[in-house]
Each structure stands twice: as structure tokens, then as C-alpha cells.
Amino acid sequence: MNSESFFTESTKAALKNNPPGEWMPTLPDGCIRLSSGFPAPNLIPVEQLQAAVTRLLEEEKDLPLHYVGSPKMAKLKEQINDRLLRRGIRVSEEELLITSGACQAIDLVARIIMDHETVVAIESPTYMEALEVFQNYTKHFISIPVDENGLQTNKLEAMLAERKREGLPLPRILYTIPTFQNPTGTTMTMDRRKHVLELAAKYDFLILEDDAYGELYFDEQPDPLKAMDNEGRVLHLGSFSKVVAPGVRIGWITATPELITAVAWFKKDLDHPFAQATMASFLEKNDFEKRLKTLRETYQRKCTVLLSALEQYMPKPVSWYVSEGGYFVWVKIAGADTSELLTHALDEGVSYIPGKHFFLNQQDGAEYLRLSFSYAEEKEIVEGIQKLSKVIKRILL
């Protein structure tokens, strides 16, 4: 039997893409992980989550372990709504849906918005897993470059105007990470945020705002696009993966009731009742603002260590953006192929993510790499940059 003969044409097309997670390097023992966009291990609230589980089961017995789940699932929506209000996002219960992480939300939005003819506008570079998801649904992309101030909305406007003049299909949706972008760490300026909303209204497209890092600011917290949205064009994604624990798989999406209804239609009962109830129990008994303050201070300190090490050890062909929050620093090594360079870096004992994985046209990312300061300890960060600098000098200079 040929199992593949049962696949749909769209499945066959999707399977021609690179396998999911191909971007993740295989790490040798003892490697310094500047590739890992994970929370710092010592900042995962293991004991508090354990206590939350204990309280939950003592109070509710078997309820969180059933299909229907715990009453705390509704409480979690209230808690998330409270967090959104703190950031200027006011939504009703019908405009908020809990998901199994932000990636499920991205996939669900793609399901209801995209088909094989849909044109999608994306940042260049962009979050590689979102790109993997979108490529399962469409092959029609428009890449808009990112600079040190985020998405270049003037180039987006020029592209939209040109396509309209030429009678070409306009994008149905723009995917953007405006705040502490993955992979560049850049933040879209306020003027550009206003501009992109104006363009969405003028050219009639939706905006999928991925805000996974929005609460991890170092000095100032930018306004989310959703807080500035007066037309319901912004679908806002959030997650507890970066601020509590990624393995819990709790995210959310806010949008108009019609969009949320459609997303929920396809989500069905693919919830994790126990995880949602546990998160609600955790939030009830822990000072989340205090936790966020600790995260911000820790990651800002680690980012400063990374930037100082780059300044001290990197040769002249290397440049980078200065992040104002989040997890990442985006580095350019002029004249390099960072995919080839990675083999030597791993031999030396340090890892990163080659830039090609963040671009639709992978050759555009040949000279770039993403460093993460979130996971490694401060001493490891310095040692990792020393190792990487040694490799760059040996191979390129």
C-alpha cells in the first residue's frame, strides 16, 4: 500500500517544505546554548507550579482531570483579561480564546484565513515556526524588510500601492512581531505602528500581532497594536511560555467575535483543562507583577552582558542591533555564511541559530545569526561570545 496516495494535494505540497524544527542544531555535550530561545532554567517557577497543582487537586479533586474541566478555566480568562487591560487592550469574553500556546493560535488563524490562493505579508526576517505554519496553507508571500526600528512600513506601503496599480492580489493578512521581534529583537516605532494600522484600513487587510515578548521590556513598554486598533483589524496573540513556562502550553488570541467564533469552531475541544486550571491556580496565589519585574531585571542584565561581550570580543565585520526587551540579539557577519560557520562554532562549544531560517528566501539570511541571552548563565554568555569570536577570526579573517 502507498500511504502517500491518500494525502490531499495540499498535504503533499506542505510536505515538500523543510521539516518542522530543522532550524534547531544538534548540540554537543557541554555546548553553550546561545541558540535556545527558552526561559532561564532558574526562572521557571517549579515550586510555585507544584504548589498550584497540589492546591488545585485538593480543592477540586477530579474536576480538572475531566473533559469539561475545572471552573478555574473560566477564571483563567478573567486573569488574562486583567493582564490585557493593564496594556490598554479591552476585550469582551466573546473576543478572547485560550489556546494551547501561541503556535496553536497561529495555526488556527491560518486555517480560517488562508488557502492556496491567499497572499500573506510577513516581516523579513520573521519567526521561523510561524513561517513553517503559513507554508502549510499558501505559497504566496510578500516579504517586508525589518530594520532597527521594526517593520519598514514605507516599503509595505510602496508594495501595496504597486500591487494595486498592477491589479495583483493584495495581502489578506500581515503577520508581525512589533515588540522585541523574534529574531531581531527590534521594536516598531510608534509612528510605524500608527502607519501600519492606517495601511490596514486603506488596503483592507488584517494584522496578526504576535506579542509573546511584549511584557519583557527593559525600560519602556510599547503600546500593543491591538490597544491602538479601532476597527477590529488586529488579531492579538499572547503566551505564558516566555513569562512562566513553555511546557505548560497556554496562549491566547483576541479578535472580533466573528473571528473568535471561527477559530473556536476549528479548535473544538482541543484544550488542556488541567494545564489551564493549573495556570489559574498559579496566578491566584503569586504576585505576577513582582515576577515580571524579576524577569525584566534578569533579562536586561543578561542582554547587557551579551552586548558588552560582543563589543569587547567581536572583530570589525560583525555588527548587531541593540535589543530593548525580549530574548534576542540579531547579528550580522559581513561576508560570512553563518550556516557553514555553525559547524565550526559547535566544534568550539557554542551554538546559535543561522539567519537563513528566518527568511522566506534563505539566501537573504546567509550573513546573519540569532543569539539568545535568555537561557545561558552570564558567565556562559561571555565565554560563548569569546568562543564565537575565536571561530569568526579563524575562519574569516
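Residues numbered from 1 in each chain as written. Predicted model: local features only at pLDDT ≥ 70, side-chain atom pairs only at ≥ 80, totals over all residues. Heavy atoms only, no water.

Description of the nonpolar core
Then, number 1: Among the nonpolar cores identified, the biggest contains 65 residues, and Leu-76, Phe-240, Val-244, Met-279, Tyr-299, Leu-310 and Leu-371 are the most heavily contacted of them.
Then, number 2: In terms of residue count, the dominant contributor to this core is helix α10 (residues 288–313) (ten residues).
Then, number 3: Discounting chain neighbours no more than four positions away, the residues touching Leu-76 are Ile-98, Phe-240, Ile-250, Gln-276, Met-279, Ala-280 and Leu-283.
Then, number 4: By size, the runner-up hydrophobic cluster in this structure holds 34 residues, among which are Ile-106, Val-120, Ile-122 and Ile-253. (Core = buried A, V, L, I, M, F, W, Y, C linked by side-chain atoms within 4.5 Å. Buried < 20%, exposed > 50% of the residue type's maximum accessible area, 1.4 Å probe, protein only. Helix = DSSP H or I, 4+ residues; strand = E, 2+ residues; numbered from the N terminus. Contact = heavy atoms within 4.5 Å.)

Overview of empty space enclosed by the protein
Then, number 1: Using the criterion set out here, one finds two cavities of 30 Å³ or more in the structure.
Then, number 2: Roughly 110 Å³ of internal volume is contained in the largest cavity.
Then, number 3: What lines the largest cavity is a set of 13 residues, among which Arg-87, Asp-211, Glu-215, Gly-238 and Trp-252 lie closest to the centre.
Then, number 4: Contributing elements (two or more residues each) for the lining of the largest cavity: α3 (72–86) and β8 (234–239).
Then, number 5: For the lining of the largest cavity, the element with the highest residue contribution is β8, accounting for four residues. (1 Å grid on protein atoms, 1.4 Å probe; cavity = no way out; pocket = protein on both sides within 12 Å on 5 of 7 lines; lining within 4 Å. Points joined across faces, edges and corners; volume = space filled by probe spheres on them.)

Points about the packing of aromatic side chains
Then, number 1: Scanning the model with the defined rule gives 13 aromatic pairs in all.
Then, number 2: When the centroid spacing of 6.3 Å and the interplanar angle of 50 degrees are considered together, the rings of Phe-218 and Phe-373 count as tilted. Taken together, the positions of Phe-218 in the loop between β7 (206–210) and β8 and Phe-373 in the loop between β14 (368–372) and α12 (378–396) put the pair 155 residues apart, joining distant regions of the chain. Residues Phe-218 and Phe-373 agree in their burial class; the two are buried. (Phe/Tyr/Trp six-rings, centres within 6.5 Å; stacked < 30°, edge-to-face > 60°.)

Remarks on the UniProt feature "domain: Aminotransferase class I/classII large" (unreviewed entry) in the protein chain
Then, number 1: In the UniProt entry, the feature "domain: Aminotransferase class I/classII large" (unreviewed entry) is given for residues 48–386.
Then, number 2: The distance separating the terminal C-alpha atoms of residues 48–386 is 36 Å; by composition the span is 43% helix and 17% strand. (UniProt positions renumbered as here; feature names shortened; annotations may be inferred.)

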